[in-house]
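Chain by chain, the residues:
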Protein chains: 2
Amino acid sequence: MNGKAASGEAAQVATRNRLERGRGALGPALELVHTGRAPTRAVLTSELGVTRATAGAVAAELEALGLIRVEPGAAAGAQGRPSHRLVVADDGPVVLAAQVHADGYRAALVGLGGTIAATAPGCETIDADPAQILGSLVEAGVELLEQTGRRCVGAGLAVPSAVAEPEGQALNPLHLAWPVGAPVREIFAERVRAAGLAGPAFTGNDVNLAALAEHRHGAGRGSADLLCVATGHRGVGGALVLDGRLHTGSSGLALEVGHLTVNPEGRPCYCGSRGCLDVEADPLAFLTAAGRAPGPEVSLLKESRELLTHEYDDPAVRAAAAELIDRLGLGLAGLVNILNPDRIILGGLHRELLAADPERLRAVVADRSLWGRSGGVPILPCTLDHNSLVGAAELAWQPVLDDPLGALAG
Amino acid sequence: MNGKAASGEAAQVATRNRLERGRGALGPALELVHTGRAPTRAVLTSELGVTRATAGAVAAELEALGLIRVEPGAAAGAQGRPSHRLVVADDGPVVLAAQVHADGYRAALVGLGGTIAATAPGCETIDADPAQILGSLVEAGVELLEQTGRRCVGAGLAVPSAVAEPEGQALNPLHLAWPVGAPVREIFAERVRAAGLAGPAFTGNDVNLAALAEHRHGAGRGSADLLCVATGHRGVGGALVLDGRLHTGSSGLALEVGHLTVNPEGRPCYCGSRGCLDVEADPLAFLTAAGRAPGPEVSLLKESRELLTHEYDDPAVRAAAAELIDRLGLGLAGLVNILNPDRIILGGLHRELLAADPERLRAVVADRSLWGRSGGVPILPCTLDHNSLVGAAELAWQPVLDDPLGALAG
DNA sequence: TCATTTTGTGCCGACACTAAACAAACTCAG
DNA sequence: CTGAGTTTGTTTAGTGTCGGCACAAAATGA
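Rules used throughout
Residues numbered from 1 in each chain as written. Chains lettered and ligands numbered in written order. Predicted model: local features only at pLDDT ≥ 70, side-chain atom pairs only at ≥ 80, totals over all residues. Heavy atoms only, no water. UniProt positions renumbered as here; feature names shortened; annotations may be inferred. Helix = DSSP H or I, 4+ residues; strand = E, 2+ residues; numbered from the N terminus. Rg over C-alpha atoms; globule rule 2.2 N^0.38 Å. Buried < 20%, exposed > 50% of the residue type's maximum accessible area, 1.4 Å probe, protein only. Contact = heavy atoms within 4.5 Å. Areas by Shrake-Rupley, 256 points an atom, 1.4 Å probe, with all protein chains shown as cover. Lys, Arg positive; Asp, Glu negative; His and termini not counted. Charge placed at Lys NZ, Arg CZ, Asp CG, Glu CD. Buried area = accessible area lost by both parts, 1.4 Å probe. Salt bridge = Lys/Arg side-chain N within 4 Å of Asp/Glu carboxyl O. Nonpolar A, V, L, I, M, F, W, Y, C, P; charged D, E, K, R; others polar. Least-squares fit on C-alpha atoms with pLDDT ≥ 70 in both. Pairing = 2+ DSSP bridges. Domains from an automatic or database assignment. Right-handed = clockwise from strand over helix to strand, strands pointing away. Axes fitted to C-alpha atoms, helices over the stretch in contact; angles between N-to-C directions. Polar contact = N/O pair within 3.5 Å; in protein donor to acceptor, adjacent residues only side chain to side chain.

Going by an unreviewed UniProt entry, chain A carries the name ROK family protein and comes from Streptomyces luteolus. Check the Sequence similarities (unreviewed entry) section of the UniProt entry for chain A; it says "Belongs to the ROK (NagC/XylR) family."

If you want it as structure tokens, here you go:
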């Protein structure tokens, strides 16, 4: 390596570094429009903390990229010259979002702003071979892309399992009959590549992605320290969104909240302890507490919902709900003591439990977390219809949000 | 407000925003030198990801500010032109670092690089009035500054209590006889101002600050997701350093780890539960388990250390250590499941317990955390002598690290 | 109709950094 | 001892982003 090459190498590092940082205010601006926090150029100006000139130029560039549109028709009423509105382009690029859950799987195209542009007919069975399912999902996505004629800039997948970083194996796909440690991220990426789809492919845990979606477009908007807890079938999942970024820990295993002790005299757990959140506050625990042995072929979540909404008068159901609320509350209090979130969002059965008796849950959490200050953390139900799916899309949008120019060009 | 003023206001926001971001690579460069990760301009170049020209200019500017020095005398040996060394200026500015603990308090001057430049004689008693103690600490600092003639650019204080954000009240100064909720941050800042010291004043929890110090200068260097757990007197403290920044949660109460359940059949805790980490793994629990009722006037930590180092042959002591290791391990495993850190650092008595039987502790944590992957997290003893004190200094240095030009000028 | 208010745009300059060529200081081989 | 090779430091010119400012545009209201 001679002197010239060495000098060139340093410059190359510098350039790569600059490109990785993303260029200027383009990314932040797109993120603001994407999350609905910049309805006009005027608020874009103040949110970005730049001058009107810069905000105008940035908006023009994003429009030129086909990502947003600047619409003259403004809702006036206030004094001064009315702002043009900034809206997500409804014919802009989309990402392929895919989700696998206990009872089936589905694919969709999602545009900026978290809007679902097209959905493939969902499937209600689960194959034991992940490659099979992920292949079908990508196929369905390709079909949707052909039908709509829109450009694809990435793909995201949500799976009901912890996803190890950085390789992306599914570590505990407990209710999928998938092999433990299946390299789902790699399989999905390979299928996406094979299908000729443009853009990178991402894979994450469904509760994590649901949390991300709720933070961007749902009940978590504006939170700096968001805790999500949810249960869908068996076990309890958690997620943390810090400053708008998913916190997955050093190897993707953070927020595995299922083994917090919430009942010292509780049933034994497969982890070796007893009274874990996983076995004390999931749909199976609820049905068992209510004295309803679940049938073999039913969805535990659906059955639980049914009970809570239509048979809440039954004292046994009511008592079971109260018991689960107490257990869940203890678990949440433990998490509050460790994480001190500014908001908690509940999904799945936990959402229904919150709806059934919000006061009881809030009281338990306040009572068992250390100070009223943190005990007073708001506990809200999730608000998005398909939050894991939208979250998978968020994952795929992230490179575009970080550096629109680079992601759409490269 | 006329048109010109409005335009001026937008520009003002933009300017403030730019100043807050800090100018260019100055801050990152100083941080690299500060933490010992940039011994020469060559590695500064690659670490910053800029060209040699930029790195050179940045180093020159930091030298002009009196913060670092560029020394020609280099340890050669390698090929090519030898680098000059970048070292912290030994006559540069300092910050006042102060610490209050269960058995006394002390003050020191700390320079860049975490080096203690001067220490005031420590005091071994604790007054019930925080204003009294904090006043003495600031006085001691002023004296040190006069003796050494160095410039002061800020002050930091470590207290053995959770510190509420954003106001800075001491929420649980359990073993200080201070009033609960005392506005220590405000009191300290007021004393610093009254003494005529330049620069802002900061206050934080001692375990948090110890973690910060270990991350910058000790066993935590290079960690992206560092968990610290320590016990000094009564109760157990925790801290988390994410990407080099202290994670204190939304109101400063994160990592209050003392109420994790680690022994379902354990002793009752003041929180209403039983078998909490706080009452199962602190020095008092150790002494009790070893059958040594602590004298009224001794330091629980010193007494415990004494036992562990000089009476470890005693079966009762050995059994007590094993019991505490098991309890601590369960607590750490719970934290690993929730936080998934890439490293754990133990301080106070926990450090001695780790030294007494490292294999036992590691085995418990690996056994009870969910996957071997995260169970294999390294558990290390803390390595700095006065890590809370150095951490308090880090707090005070932070504005300088973020924007050297702005902090030293304003 | 005109003053007032707010938003949008064009132009210039400041500033930080890249890029590239050159100079300097060492090692190592012969 | 000399020169090739290698790495580091410096100089100069150039580029791109964004602040600062003046002016234009589009509404409200007396």
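Moving on, there is more to tell.
If you had to explain the overall build of chain A to someone new, which residues and values would you point to?
When its secondary structure is counted, chain A shows 16 helices and 12 strands. Against the 2.2 N^0.38 benchmark of 22 Å for 410 residues, chain A shows a C-alpha radius of gyration of 23 Å, consistent with a compact globule. Overall, chain A is about 70 × 55 × 50 Å in size when its C-alpha atoms are taken along their principal axes. Buried residues in chain A amount to 54% of all 410 residues. Intrachain contacts of chain A at a sequence separation of at least 6 include 64% that bridge at least 24 residues. Carbon together with sulfur atoms contributes 51% to the accessible area of chain A, which is approximately 17,000 Å² in total. Charged side chains of chain A number 34 positive and 46 negative; the gap between the two group centres comes to 8 Å.

So what's going on with the interface of chain B and chain A? Residues and values would help.
Counting from both sides, the interface comprises 49 residues of chain B and, opposite them, 49 residues of chain A. Buried surface at the junction of chain B and chain A, summed over both partners, amounts to about 3,800 Å²; 60% is from carbon and sulfur atoms. Applying the counting rule to chain B against chain A returns 0 salt bridges. When residues of the side of chain B that touches chain A are traced back to their parent elements, those giving at least two are helix 1 (3-21), helix 11 (315-339) and helix 14 (372-375) of chain B. Considered class by class, the residues forming the side of chain B that touches chain A number 23 nonpolar, 18 polar and 8 charged.

Got a sec to walk through the relation of the copies chain B and chain A? Specific residues and values, please.
Once turned by 180 degrees and shifted 0.0 Å along the axis, chain B lies on chain A with an RMSD of 0.0 Å. Both chain copies can therefore be described as sitting about a two-fold axis. By C-alpha distance to the rotation axis, the residue of chain B lying nearest is Pro264(B), at 2.5 Å. In this assembly the copies share their binding face: 100% of the residues contributing to the interface of chain B also contribute to that of chain A.

Got a sec to walk through the pairing of strand 1 (residues 68-71) of chain B? Specific residues and values, please.
All names here are of chain B. Of the two faces of strand 1, the one holding Ile68 and Val70 is buried and the one holding Arg69 and Glu71 is not buried anywhere. As judged from the 4 bridges shared by strand 1 and strand 2 (residues 85-88), these two strands associate in the antiparallel manner. By the bridge assignment for strand 2, Ile68 is matched with Val88.

Hey, could you go over the domain arrangement of chain A for me, with residue numbers and the actual values?
Residues and elements named next belong to chain A. By the assigned domains, chain A splits into domain 1 (3-88), domain 2 (94-209 + 387-409) and domain 3 (222-381). For domain 2 versus domain 3, the separation of C-alpha centres amounts to 27 Å. In this assembly, 15 residues from domain 2 lie in contact with 16 residues from domain 3. Both faces combined, the contact of domain 2 with domain 3 buries some 1,200 Å², and carbon together with sulfur accounts for 55% of it. It is Glu165, Val207 and Asn208 in domain 2 that bury the most area against domain 3; as a group they hold 43% of the surface buried on that side. Taken together, the links from domain 2 to domain 3 amount to 1 salt bridge.

Describe the pairing of strand 6 (residues 152-159) of chain A, naming the residues involved and giving the relevant values.
Residues and elements named next belong to chain A. Burial within strand 6 is extensive, with 8 of its 8 residues counted as buried. In this structure, strand 3 (residues 94-101) lies alongside strand 6, joined through 5 bridges in parallel fashion. The partner of Gln99 across the bridge, within strand 6, is Ala158. Across 5 bridges, the pairing between strand 6 and strand 7 (residues 201-205) is parallel. The residue bridging Ala158 from the neighbouring strand is Gly204, located in strand 7. The β-α-β motif built from strand 6, the intervening helix 6 (residues 184-194) and the parallel element strand 7 has right-handed crossover chirality.

Run through the sheet that holds strand 6 of chain A, naming residues and quoting values.
Residues and elements named next belong to chain A. With mixed pairing, 5 strands are arranged side by side in an open sheet as 5-4-3-6-7. Of all strands in the sheet, those bounded by a partner on one side alone are strand 5 (116-119) and strand 7. Sheet twist, expressed as the mean angle between neighbouring strand axes with direction ignored, is 25 degrees. Across 3 bridges, strand 4 (residues 104-110) lies against strand 5 in antiparallel orientation. When the bridges of strand 5 are listed, Val110 appears paired with Ile116. Relative to strand 3, helix 15 (residues 387-402) is tilted by about 140 degrees, and along the sheet it contacts strand 3, strand 4, strand 5, strand 6 and strand 7.

So what's going on with the pattern of salt bridges? Which residues, and what values?
All names here are of chain A. Under the counting rule described, the total for this entry stands at 32 salt bridges over all chains. For the salt bridge of Glu165 with Arg185, the shortest nitrogen-to-oxygen distance reads 3.1 Å. Taken together, the residues span a long stretch of sequence, with Glu165 in the loop between strand 6 and helix 6 and Arg185 in helix 6 at a distance of 20 residues. Residue Glu165 is classed as partly exposed on the basis of its relative accessible area, which comes to 22%. Owing to a relative accessible area of 16%, Arg185 belongs among the buried residues under this scheme.

Quick one: what's the story with helix 6 of chain A, residue by residue and with numbers?
Residue and element names in this part refer to chain A. Within helix 6 the residues assigned to the buried category are Val184, Arg185, Ile187, Phe188, Ala189 and Val192. Each element contacted by the buried residues of helix 6 is listed here: helix 5 (130-148), strand 6 and strand 7. With its phi angle positive at about 75 degrees, Gly196 sits one or two positions after the end of helix 6.

I'd like a rundown of helix 2 (residues 26-34) of chain A, residues and numbers included.
Residues and elements named next belong to chain A. Among the 9 residues in helix 2, 7 count as buried, and that is most of the element. Along helix 2, the positions that sit buried rather than exposed are Leu26, Gly27, Ala29, Leu30, Leu32, Val33 and His34. Phi turns positive one or two residues past the end of helix 2, at Gly36, with a value near 75 degrees.

Explain the side chain of Glu214(A) to me, and be specific about the residues and the numbers.
All names here are of chain A. Relative to the helices and strands, Glu214 resides in helix 7 (residues 206-217). Here Glu214 occupies a buried position and makes no salt bridge, while the nearest side chain of opposite charge, Arg351, is found at 6.4 Å. Among the polar contacts listed, one links the side chain of Glu214 to the backbone nitrogen of Ala219, at a separation of 3.0 Å.

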